[in-house]
Amino acid sequence: QVQLVESGGGLVLAGGSLSLSCAASGRTVRNYAMGWFRQAPGKEREFVGAISWSGDITHYADSVKGRFTISRDNAKNTVYLQMNSLRPEDTAVYYCAAGTKIAPPPDDYWGQGTQVTVSS
């Protein structure tokens, strides 16, 4: 019912910014909470942020709070992750996710991931 495709990953210098996009498709996509996760080499996948179907509620991991902003444009069926003040430890594959609940984080559907590399 939901298909997700991430884009916008790349290489950026520490302190810089990068914006990720996740294009969603499906008849019921507007009723799903959306989220972002990331996984660094040799590490477990970790939660980054999530947003409710209406955009009124957001949650962030402590490690990115104040630096990353999640938003969505339901008219475009797209969720975004604006990343500012990037650090080398932010380097990871970033995944978009969708689900029926914002908490616990949505994980019913997944995108293929996009690589983000932050150099010092």
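Structure's up top.
Residues numbered from 1 in each chain as written. Predicted model: local features only at pLDDT ≥ 70, side-chain atom pairs only at ≥ 80, totals over all residues. Heavy atoms only, no water.

1. Points about the environment of Gly 99
Working step 1: Considering the arrangement of structural elements, one finds Gly 99 in strand S9 (residues 92-99).
Working step 2: Sequence separation between Gly 99 and Leu 11 is 88 residues, and the spatial gap between their C-alpha atoms is 29 Å.
Working step 3: Once residues within four sequence positions are removed from consideration, Gly 99 is found in contact with Tyr 32, Ala 33, Pro 106, Asp 107 and Asp 108. (Helix = DSSP H or I, 4+ residues; strand = E, 2+ residues; numbered from the N terminus. Contact = heavy atoms within 4.5 Å.)

2. Details of the nonpolar core
Working step 1: Counting residues in each nonpolar core, the largest one holds 28 residues, and the members touching the most others are Met 34, Trp 36, Leu 81, Met 83 and Tyr 94.
Working step 2: Among the elements of the structure, strand S3 (18-25), strand S4 (33-39), strand S5 (46-51), strand S7 (68-73), strand S8 (78-83), S9 and strand S11 (114-119) are those that each provide at least two residues to this core. (Core = buried A, V, L, I, M, F, W, Y, C linked by side-chain atoms within 4.5 Å. Buried < 20%, exposed > 50% of the residue type's maximum accessible area, 1.4 Å probe, protein only.)

3. Notes on the pattern of salt bridges
Opposite charge on two side chains allows them to pair when their charged atoms are near.
Working step 1: All told, the structure shown has four salt bridges when counted by the stated rule.
Working step 2: Here Glu 46 makes a salt bridge to Arg 38, at a shortest N to O gap of 2.7 Å.
Working step 3: With its nearest N and O atoms 2.9 Å apart, the salt bridge here joins Arg 38 to Asp 90. One end of the pair, Arg 38, is in strand S4; the other, Asp 90, is in the loop between S8 and S9, and 52 residues separate them in sequence.
Working step 4: For Arg 38, a relative accessible area of 5% corresponds to the buried category.
Working step 5: When salt bridges with common partners are traced through the structure, they connect Arg 38, Glu 46, Arg 67 and Asp 90 into a single cluster. (Salt bridge = Lys/Arg side-chain N within 4 Å of Asp/Glu carboxyl O.)

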